[in-house]
Every structure is written in structure tokens, then in C-alpha cells.
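# Observations on the three-dimensional arrangement
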Amino acid sequence: MTDSRVTKLLTIHRGTSSQTDSRWIAIEESLGLRLPADYKVMVDLFGASSWDDFLHVLSPFDDGLNLQQRGQQILDADRESRLAFPSHYPIALYPESGGLLPWAITDNGDTLYFITSGPPDEWPILIKGSRAPEFEVSFLPAPLLVHHAAIGTFQSTILAQS
């Protein structure tokens, strides 16, 4: 069955945002950084969302898939792992400068991070598997990556659904 939301993801363009929203301003102030406009539009449209019962986008406005709470849990675990396996973490972790900021997870325990270096609307996405040191980097905007993952056309060895 096709998810009717999937095609709407294609209408979200990098660097475009809905109106200025005091909720987002407060979130970005608490994080100490601006988030990509297309991610904010995606969350405004769909909230914390699940795609193909596999990929789950975190939202700062959701209790279950909360960007800050779930993100902090992921980053705490990453910091523990980095102590034991520093070579597995060649990129800083948020809130370190240019650090990885989790924004989506999968049922397999994989994490999608923004690499918070440079202008937010140009942040690449790092995809890290749950148990392996390997990672992939994508330069697709978040909504387009979610679109391709949801319809099964995203090329990845990590996000392979099993």
C-alpha cells in the first residue's frame, strides 16, 4: 500500500521554510543552532513521523520521538562508544563544533545525523549503522532522503530493510 504522504515530501525544497514560528525559535535557541528549513517544514507537515514502518523522523514537539530527548540518549550512547572505540567516531558529536545531531532513527537501530558544519540548509546527512563502525554520507535534503527511503529507491548498505 502506498503512503499518500510520500509525494508531498517532494514539494519541500531545501532552504525554504514556512513562516517564522516562535516554537522553532525557542527550540533553536535551546539547541544553540539553527536547523535546516526543509527539516522544519517536514516536521511542521508530518510531525514526528514513521515512513514505511521503518524510518522514524524525530520532532522537538513530540513526546515519543522527541528530537532533544531521543537525540540526547543517542548522543550519550555515542559518547560512551567513542571512549571505547575512538576510531569509529571521526566526526565530532553535538554540541561540539560541527558535531553530529541525530534527527531520524530506524527499526534496525540505525541513526541519521545532520553534520552541523556550515550553513544549516547545506548540512550533509551521516547514516550510521547500529553495530558497525561504517557510515555513509548523503548530500540529499532530509525530505528527499526520507522520500527515497520510503519508496525503496535510496541506495544504502546501512539502511537496507530486513
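Use the structure listed above.
Throughout what follows, the structure given in this document is the object of discussion. (Residues numbered from 1 in each chain as written. Predicted model: local features only at pLDDT ≥ 70, side-chain atom pairs only at ≥ 80, totals over all residues. Heavy atoms only, no water.)

Counting across every chain of the model gives 7 aromatic pairs. Between Phe46 and Trp51, the aromatic rings sit 5.1 Å apart at their centres with planes inclined by 85 degrees, giving edge-to-face as the arrangement. On the accessibility criterion, Trp51 (1% relative accessible area) is buried. These aromatic residues form a ring-pair network of at least three members: Trp24, Tyr39, Phe61, Trp103, Phe114 and Trp123. Its end group placed over the ring of Trp51, Arg5 keeps NZ or CZ at 3.8 Å from the ring centre. Its end group placed over the ring of Phe61, Arg23 keeps NZ or CZ at 4.0 Å from the ring centre. (Phe/Tyr/Trp six-rings, centres within 6.5 Å; stacked < 30°, edge-to-face > 60°. Buried < 20%, exposed > 50% of the residue type's maximum accessible area, 1.4 Å probe, protein only. Lys NZ or Arg CZ within 6 Å of the ring centre and 35° of its normal.)

Another aspect to go through is the sheet that holds strand 3 (residues 100-106). Taken together, the 6 strands give an open sheet; going across it, the order is 1-2-3-4-5-6, and neighbouring strands pair in antiparallel fashion. Strand pairing shows two members of the sheet lacking a second neighbour, strand 1 (49-51) and strand 6 (135-138), which therefore form its edges. For this sheet the average axis-to-axis angle between neighbouring strands, irrespective of direction, equals 30 degrees. Against the sheet, helix 4 (residues 67-84) engages strand 3, strand 4 (111-115) and strand 5 (125-128), with an angle of about 105 degrees to strand 3. (Pairing = 2+ DSSP bridges. Helix = DSSP H or I, 4+ residues; strand = E, 2+ residues; numbered from the N terminus. Axes fitted to C-alpha atoms, helices over the stretch in contact; angles between N-to-C directions. Contact = heavy atoms within 4.5 Å.)

In contact at an axis separation of 12 Å, helix 2 (residues 22-31) and helix 3 (residues 37-46) are set at 125 degrees when each is read in the N-to-C sense. The orientation of helix 2 relative to helix 3 falls into the category oblique. Of the two elements, helix 2 crosses helix 3, and the hand of that crossing is right-handed. Across the interface between the two elements, Arg23, Trp24 and Glu28 of helix 2 pack against Tyr39, Lys40, Val43 and Asp44 of helix 3. (Parallel < 35°, antiparallel > 145°, perpendicular 65-115°, else oblique. Left-handed = near helix turned anticlockwise from the far one by under 90°.)

What the rule picks out here adds up to 5 salt bridges. Lys40 is the partner of Glu28 in a salt bridge, and the nearest nitrogen-oxygen pair spans 2.9 Å. Remark: Lys40 occurs in helix 3 and Glu28 occurs in helix 2; sequence separation between them is 12 residues. There is no split in this pair, since Glu28 and Lys40 are both buried. (Salt bridge = Lys/Arg side-chain N within 4 Å of Asp/Glu carboxyl O.)

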